[in-house]
Amino acid sequence: MISDRIRRMAPSQTLELNSKIAKLRDEGKNIIALNSGEPDFNTPAPIIDAAHQAMLEGKTKYTQTPGIPQLREAIVRKLWRDNSIEYSIDEIIVSTGAKYALTNTFQVLCNPGDEVIIPTPCWVSYVEMVKLAGAVPVLVPVNEDNQLDLRVIEAAITDRTRVLLINSPNNPTGAVYSETSLRRVAEFAREHDFFIVADEVYEKLIYGTTPHISIASLSPEMRERTVTVNALSKAYAMTGWRLGYAAGPRDVIKGISAIQGHTTSNATSFVQWAGITALESCDEYVEEMRRAFEKRRNYLFDRVQALPGFRCPFPEGAFYLFPDVSDLFTKRCGDRVIDDAPALADYILEEAGVALVPGNAFEAPYAIRLTYSNSMENLVEAMDRIERVVGKLV
Ligand code: PMP
Ligand code: GLU
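Throughout this description, residue numbers start from 1 for each chain and increase along the sequence as written. Here the convention is simple: chains get letters from A, ligands get numbers from 1, in the order in which they are written. In view of the model being predicted, local features appear only for residues whose pLDDT reaches at least 70, and side-chain atom pairs are presented and counted only at 80 or more, with totals across whole chains, interfaces and linings using the full set of residues. The side-chain numbers reported here are obtained from all heavy atoms of the structure, hydrogens and water having been left aside.

## Here's the deal with the overall build of the protein chain
Link 1 in the chain: The secondary structure content of the protein chain amounts to 14 helices and 14 strands.
Link 2 in the chain: Taking 21 Å as the expected radius of gyration for a compact globule of 394 residues, we find that the protein chain reaches 21 Å, a close match to that expectation.
Link 3 in the chain: By principal-axis analysis of the C-alpha atoms, the protein chain measures approximately 60 × 55 × 50 Å.
Link 4 in the chain: Out of the 394 residues belonging to the protein chain, those deemed buried represent 56%.
Link 5 in the chain: In the protein chain, the share of contacts with a sequence separation of at least 24, taken over all contacts with a separation of at least 6, comes to 72%.
Link 6 in the chain: His is not counted, nor are the chain ends; Lys and Arg add positive charge and Asp and Glu add negative charge. For charged residues, the charge sits on one atom: NZ in Lys, CZ in Arg, CG in Asp, CD in Glu. Here the protein chain carries 42 positive and 52 negative side-chain charges, and the mean point of each set is 3 Å from the other. Helix and strand assignments follow DSSP, with helices taken as H or I runs no shorter than four residues and strands as E runs no shorter than two, numbered in order from the N terminus. As defined in this context, the radius of gyration uses C-alpha atoms, and a globule is described by 2.2 Å times the residue total to the power 0.38. Relative accessibility thresholds used throughout: buried, under 20% of the residue-type maximum; exposed, over 50%; partly exposed, between the two (1.4 Å probe, protein chains only). For this analysis, residues touch if any pair of their heavy atoms sits within 4.5 Å.

## A short note on the sheet that holds strand β9 (residues 320-321)
Link 1 in the chain: Pairing in this open sheet of three strands is antiparallel, and the strands run β9-β14-β13 from one edge to the other. Two strands close off the open sheet at either side, each with one partner strand: β9 and β13 (357-358). Two strands make a pair as long as DSSP finds a minimum of two bridges between them.

## Quick look at the packing of aromatic side chains
Link 1 in the chain: Under the pairing criterion, centres of Phe, Tyr and Trp rings, with the six-membered ring standing for Trp, must be within 6.5 Å; the plane angle then separates stacked pairs below 30 degrees from edge-to-face pairs above 60, leaving the rest tilted. Overall, the coordinates contain nine aromatic pairs when judged by the stated rule.
Link 2 in the chain: Their ring planes at 85° and their centres at 5.2 Å tell us that Trp123 and Tyr126 sit as a pair that is edge-to-face. This pair shows no difference in class: Trp123 is buried, exactly as Tyr126 is.
Link 3 in the chain: Ring plane angle 90° and centroid distance 5.8 Å describe the contact between Phe322 and Phe362, whose orientation is recorded as edge-to-face. Here Phe322 is found in the loop between β9 and β10 (331-333), whereas its partner Phe362 is found in the loop between β13 and β14 (368-371), with 40 residues between them in sequence. As far as the burial class goes, Phe322 and Phe362 line up, both buried.
Link 4 in the chain: Put simply, the rings of Phe41, Tyr202, Phe293, Phe319 and Tyr320 pair up and form one aromatic cluster.
Link 5 in the chain: Positioned above the aromatic ring of Trp273 is the side chain of Lys59, whose terminal nitrogen or guanidinium carbon lies 4.1 Å from the ring centre. Criterion for a charge above a ring: Lys NZ or Arg CZ within 6 Å of the ring centre, and within 35 degrees of the ring normal.

## Some thoughts on the environment of Gly309
Link 1 in the chain: Here Gly309 is to be found in the loop between α12 (283-305) and β9.
Link 2 in the chain: By relative accessible area, Gly309 is classed as partly exposed at 24%.
Link 3 in the chain: Ignoring anything within four residues of it in the chain, the contact list for Gly309 reads Asp324, Val325, Asp327 and Leu328.

## Observations regarding the site of ligand 1
Link 1 in the chain: If you check the shell around ligand 1, you find 15 residues, and the closest are Asn171, Asp199, Tyr202, Ser233 and Lys234.
Link 2 in the chain: Any pair of N or O atoms that falls within 3.5 Å is considered a polar contact. Within protein, one atom must be able to donate a hydrogen and the other to accept it, and sequence-neighbouring residues count only if both atoms are side-chain atoms. Tyr202 is positioned such that a nitrogen or oxygen atom in its side chain is 2.7 Å from an oxygen atom of ligand 1.
Link 3 in the chain: Within the complex, 94% of the 390 Å² of free accessible area of ligand 1 lies under protein.
Link 4 in the chain: The biggest single contributor to the shell around ligand 1 is helix α5 (residues 97-109), with four residues.
Link 5 in the chain: In this classification, Asp, Glu, Lys and Arg are treated as charged, Ala, Val, Leu, Ile, Met, Phe, Trp, Tyr, Cys and Pro as nonpolar, and every other residue, Gly included, as polar. Tallied by class, the residues present in the shell around ligand 1 amount to seven nonpolar, four polar and four charged. When at least one non-hydrogen atom of a residue lies within 4 Å of a molecule or strand, that residue is treated as near it. Accessible surface is estimated by sampling points in the Shrake-Rupley manner with a 1.4 Å probe; for residues, cover comes only from the protein chains shown.

## Quick look at the packing of α5 against helix α10 (residues 250-263)
Link 1 in the chain: Two elements in contact, α5 and α10, have axes whose closest approach is 9 Å; the angle formed by their N-to-C orientations is 115°. The crossing of α5 and α10 is right-handed. Taken together, the residues of α10 that come into contact with α5 (itself represented by Tyr100, Asn104, Thr105, Gln107, Val108 and Leu109) are Val252, Gly255, Ile256, Ile259, Gln260 and Thr263.
Link 2 in the chain: Among the residues forming the contact of α5 with α10, the class breakdown is six nonpolar, six polar and no charged. Helix axes use the C-alpha atoms of the stretch in contact, all axes being lines fitted to C-alpha atoms, and the angles between their N-to-C directions lie in the range 0 to 180 degrees. Here is the rule for handedness: rotate from the far helix to the near one, and if that takes an anticlockwise turn smaller than a right angle the crossing is left-handed, while a clockwise turn gives right-handed.

## A few points about the nonpolar core
Link 1 in the chain: By convention a nonpolar core is built from buried Ala, Val, Leu, Ile, Met, Phe, Trp, Tyr and Cys residues, the set being connected through side-chain atoms within 4.5 Å. By size, the foremost hydrophobic cluster in this structure holds 76 residues, and its most contacted members are Phe106, Phe310, Leu344, Ile348, Val354, Leu370 and Ile386.
Link 2 in the chain: Among all residues touching Leu370, those that are not within four sequence positions of it are Leu34, Leu300, Val304, Phe319, Tyr320, Leu321, Pro323, Leu356, Met383 and Ile386.
Link 3 in the chain: Residues Ile75, Leu232, Tyr245 and Ile276 belong to the second largest nonpolar core, which totals 30 residues.

## Observations concerning the site of ligand 2
Link 1 in the chain: Lining the immediate environment of ligand 2, one finds 13 residues, of which Thr14, Gly37, Lys99, Asn171 and Arg369 sit closest.
Link 2 in the chain: A distance of 2.6 Å is found between an oxygen atom of ligand 2 and a side-chain nitrogen or oxygen belonging to Thr14.
Link 3 in the chain: For ligand 2, an oxygen atom lies 2.8 Å from a polar atom in the backbone of Gly37.
Link 4 in the chain: Here the residues of the shell around ligand 2 are counted per class, giving five nonpolar, five polar and three charged.

Here it is, written out as structure tokens:
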């Protein structure tokens, strides 16, 4: 028998598709996967060397639950250097990816029935993480520029509001939130006494002129009201290594550590040692990957924008395009009716062999998500194929 809690949980649509793709590939189909957002680059060599060295040195045992002090110190330096937030090491916890840090943050901050405001479109896992904590996701749409809609947010605040989630640069829209809107949100948090959870995993992947601002850096008070979550996954091409962290008030970090102590113990020991090398000596690799993503974004944007029925905002960060495809929802190809985003994604997967994620996964059923975390060669081929099958819709 499965618990009610888990029966109500939808599987991750960004990852779930990978099993379907594996099956199609086993059947001999050539599939280009533009679904899961993860860098196609190899992890930079110095990081791999550092992990290998740590293993050879026997750094293969349990570590302190919140992480080795040397990595937490490196994270303290990083948060000061890049984000102008001053933390001490007991305000940092290292976890198996941002996912686990976020899951536990909601567990620690929320009582059953508490409300968590989530601007939408939003990454697929927030809603399920919040529900797992017994809390209630309150979804508030962003404005037409994909920026925070302050009036809608203010109207959604109630006595039960416990957290407002901020994800900038945003998955799936690629929007980078303006400093003005973050300052206003900070005022809301102070006036109505709630927390901010700031998911900053895409902070290094910005191509426009809007700078990344950590909301915790805006004032000493915001530092006390914010849990900043980040990971090495996206910036350092380390998705499979599962290394992330949360920074926040001591009692919140202690709570997360208590959960980790009973559930995963610690992030993998030698991965933590390699994390120090990533944070302290790999800036040039990050910049090289950022530049490659920027070229791909420009290419993919032009191609997607030119497709009939695709209306695409120009993203400033992350590695996704999120075009509105609702104009296609009356179209068909032979007997096949395209009446929503999942139908369009299925059509493109089956007829063009390109995997995309329908916007429904991100609480935005009018859109479809493509990631440009794939080689230029694959992007060219994927767009040629998509253009061909979309052109057949009448
Ligand atoms: N936040 C966002 C916005 C993401 O897109 C992802 C996807 N990986 C995560 C968190 C989770 O990151 P990690 O792989 O480090 O768990
Ligand atoms: N975060 C990436 C995405 O949105 C990877 C898959 C996942 O963790 O959701 O596609």
